[in-house]
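Spelled out from the first residue to the last, the chains are:
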Amino acid sequence: MTSESLKTQYQQVRNQVQQLAQQVQNHRVQILAVSKVHSTAKIREAYALGARYFGENYAQELASKAEELSDLTDIRWSYIGHIQSNKIRLIVEHANEIQSLASLKHGKLIAKAADEFNKPNYPVFIAVNAEGEASKNGIPLDQVSPFVTELEAHCPSLEVQGLMCIPPRHYQDSLEKVPELYRELRNLANKVGQGRLSLGMSGDLRIAIEAGTDLVRIGTAIFGERPQKARQ
Ligand SMILES: *Cc1c(COP(=O)(O)O)cnc(C)c1O
């Protein structure tokens with residue numbers, strides 16, 4: 001993809017999000033630019049266009065990109081990938097927040113690392129697995145509230161932002177089913193921590209905004225198709 005098309009796509013996404021947010025709920029919707037697998041050169045381009053908030057899925061990749069781009073002092077990194085215990089220190093060291101928290105054990109390790117790196121009130125979102133899919137990490141909908149209560153009791157130094165959800169796979173074939181789930185998530189998120197909701201990706205950002213999300217996580221629509229990459 002050329003720089004010109006990144007510019008066009010980024011501006012398109014920004015305009016679309018702004019317009020929908022105004023129409024639907026008259027409040028600001030943040031764009032998390034999901035840069036996983038894309039080069040630091042592309043991240044610099046998006047930064048030059050005004051993007052400051054970037055999402056990464058792999059701990060080592062996050063760490064090397066954050067180090068390489070450390071001259072961009074106001075850049076903010078969000079970790080949205082699968083969490084492994086032995087990578088938590090590395091993630092917390094480099095990310096400003098974690099959106100994919102789904103276990104108490106990981107919560108405790110994040111709190112410990114945040115303390116070590118002197119990052120008080122470290123922001124976390126709880127990942128929701130809306131239909132209990134085995135292939136996906138996340139807290140089932142009906143267990144979110146008790147999980148948050150337990151997390152806040154054990155890890156008072158974490159600042160629970162709200163909920164993050166990737167819709168169940170089959171929803172991709174039947175988008176008309178999504179809004180009901182999204183409204184449910186919106187209502188539930190209102191009762192969790194700071195009451196924020198992270199919902200919506202390139203394919204469903206419109207209905208996520210219509211359902212009242214606070215932030216959308218957009219990769220492909222900004223950066224183009226992801227190059228193939230072996231998982232770490
Ligand atoms: C990759 C990823 C995205 C971005 O998906 P696109 O379809 O490329 O916009 C959003 N959220 C999570 C958790 C991801 O892993």
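From a predicted model like this one, the values you see are computed outputs, not experimental measurements.

Undergrad: What is the right way to look at the overall build of the protein chain in this model?
TA: Of the regular secondary structure elements, the protein chain holds 9 helices and 9 strands. Compactness check: the protein chain gives a C-alpha radius of gyration of 17 Å against a globular reference of 17 Å for 232 residues, within 12% of the reference. Its C-alpha atoms give the protein chain principal-axis dimensions of roughly 50 × 40 × 35 Å. Expressed as a percentage of contacts within the protein chain between residues at least 6 apart in sequence, the contacts between residues at least 24 apart total 63%. If you sum the accessible surface of the protein chain, you get close to 11200 Å²; carbon and sulfur atoms cover 46% of it. Placing the 27 positive and 26 negative side-chain charges of the protein chain at their respective mean positions leaves the two points 2 Å apart.

Undergrad: When you look at the site of the ligand in this model, what are you seeing that I'm missing?
TA: Neighbouring residues of the ligand: Val-34, Lys-36, Asn-57, Ile-80, Ile-166, Met-201, Ser-202, Arg-217, Ile-218, Gly-219, Thr-220 and Arg-226. The separation between a nitrogen atom of the ligand and a polar side-chain atom of Arg-217 is 2.8 Å. Notes on the ligand: free accessible area 390 Å², of which the protein chains cover 89%. The residue makeup of the shell around the ligand, split by class, is 5 nonpolar, 4 polar and 3 charged.

Undergrad: How should I be thinking about the side chain of Arg-217 in this particular structure?
TA: When you line up the elements, Arg-217 lands in strand E9 (residues 215-218). Among buried charged residues, Arg-217 stands out as having no salt bridge; its nearest opposite-charge side chain is Asp-204, 7.0 Å away. Filtering out sequence-adjacent residues up to four positions away, Arg-217 remains in contact with Leu-32, Val-34, Ile-80, Gln-99, Met-164, Cys-165, Ile-166, Ser-198, Leu-199, Gly-200, Met-201 and Ser-202.

Undergrad: Help me out: how do you make sense of the packing of helix H5 (residues 104-116) against helix H6 (residues 144-154) in this one?
TA: What describes two packed helices is the angle between their axes and the distance between those same axes. At their nearest, the axes of H5 and H6 sit 10 Å apart, and the two run at 30 degrees to each other. Considered as vectors, H5 and H6 are oriented roughly parallel to each other. In this structure, H5 crosses over H6, and the sense of that crossing is right-handed. Contacts from Leu-104, Gly-107 and Lys-108 in H5 reach Phe-147, Glu-150, Leu-151 and His-154 in H6.

Undergrad: What is the right way to look at the layout of surface pockets in this model?
TA: A volume near 360 Å³ is recorded for the second largest pocket. Elements with a minimum of two residues in the lining of the second largest pocket: helix H1 (3-24) and strand E1 (30-34). The greatest single-element share of the lining of the second largest pocket, amounting to 6 residues, is contributed by H1.

Undergrad: Could you clarify how one ought to interpret the pairing of strand E8 (residues 196-199) in this entry?
TA: Side-chain direction in a regular strand flips from residue to residue, so the side chains alternate between the two faces of the sheet. Bridge count for strand E7 (residues 158-165) against E8 is 4 bridges, and the pairing is parallel. Paired with Cys-165 across the bridge in E8 is Leu-199. For the crossover that starts at E7, traverses helix H7 (residues 178-190) and ends in the parallel E8, the hand is right-handed.

Undergrad: Quick question: what am I supposed to make of H1 here?
TA: Structurally, the α-helix is built with 3.6 residues per turn, so residues lying three or four positions apart point the same way. Its 22 residues give H1 an end-to-end C-alpha distance of 31 Å, which sits within 8% of 32 Å, the value for a rise of 1.5 Å per residue. Listing the buried residues of H1 in full gives Leu-6, Tyr-10, Val-13, Val-17, Leu-20 and Ala-21. Within H1, the buried residues cover an arc of 110 degrees as seen down the axis, which keeps them to one side. Seen from the open side of H1, the exposed residues pointing more than 90 degrees away from its buried face are Glu-4, Gln-12, Gln-19, Gln-22 and Gln-23. Check the buried side of H1 and you find it contacts E1, helix H2 (40-48), helix H8 (205-210), E9 and helix H9 (220-223).

Undergrad: Even after reading the chapter, I still don't get the UniProt feature "modified residue: N6-(pyridoxal phosphate)lysine" (unreviewed entry) in the protein chain, so can you show me in this structure?
TA: Under the feature "modified residue: N6-(pyridoxal phosphate)lysine" (unreviewed entry), the UniProt entry names Lys-36. Structurally, Lys-36 is set in the loop between E1 and H2. Classification of Lys-36 as buried rests on a relative accessible area of 15%.

About the criteria used
- Residues numbered from 1 in each chain as written.
- Predicted model: local features only at pLDDT ≥ 70, side-chain atom pairs only at ≥ 80, totals over all residues.
- Heavy atoms only, no water.
- Helix = DSSP H or I, 4+ residues; strand = E, 2+ residues; numbered from the N terminus.
- Rg over C-alpha atoms; globule rule 2.2 N^0.38 Å.
- Contact = heavy atoms within 4.5 Å.
- Areas by Shrake-Rupley, 256 points an atom, 1.4 Å probe, with all protein chains shown as cover.
- Lys, Arg positive; Asp, Glu negative; His and termini not counted.
- Charge placed at Lys NZ, Arg CZ, Asp CG, Glu CD.
- Near = heavy atom within 4 Å.
- Polar contact = N/O pair within 3.5 Å; in protein donor to acceptor, adjacent residues only side chain to side chain.
- Nonpolar A, V, L, I, M, F, W, Y, C, P; charged D, E, K, R; others polar.
- Buried < 20%, exposed > 50% of the residue type's maximum accessible area, 1.4 Å probe, protein only.
- Salt bridge = Lys/Arg side-chain N within 4 Å of Asp/Glu carboxyl O.
- Axes fitted to C-alpha atoms, helices over the stretch in contact; angles between N-to-C directions.
- Parallel < 35°, antiparallel > 145°, perpendicular 65-115°, else oblique.
- Left-handed = near helix turned anticlockwise from the far one by under 90°.
- 1 Å grid on protein atoms, 1.4 Å probe; cavity = no way out; pocket = protein on both sides within 12 Å on 5 of 7 lines; lining within 4 Å.
- Points joined across faces, edges and corners; volume = space filled by probe spheres on them.
- Pairing = 2+ DSSP bridges.
- Right-handed = clockwise from strand over helix to strand, strands pointing away.
- Expected span 1.5 Å × (residues − 1).
- Arc of directions from axis to C-beta.
- UniProt positions renumbered as here; feature names shortened; annotations may be inferred.

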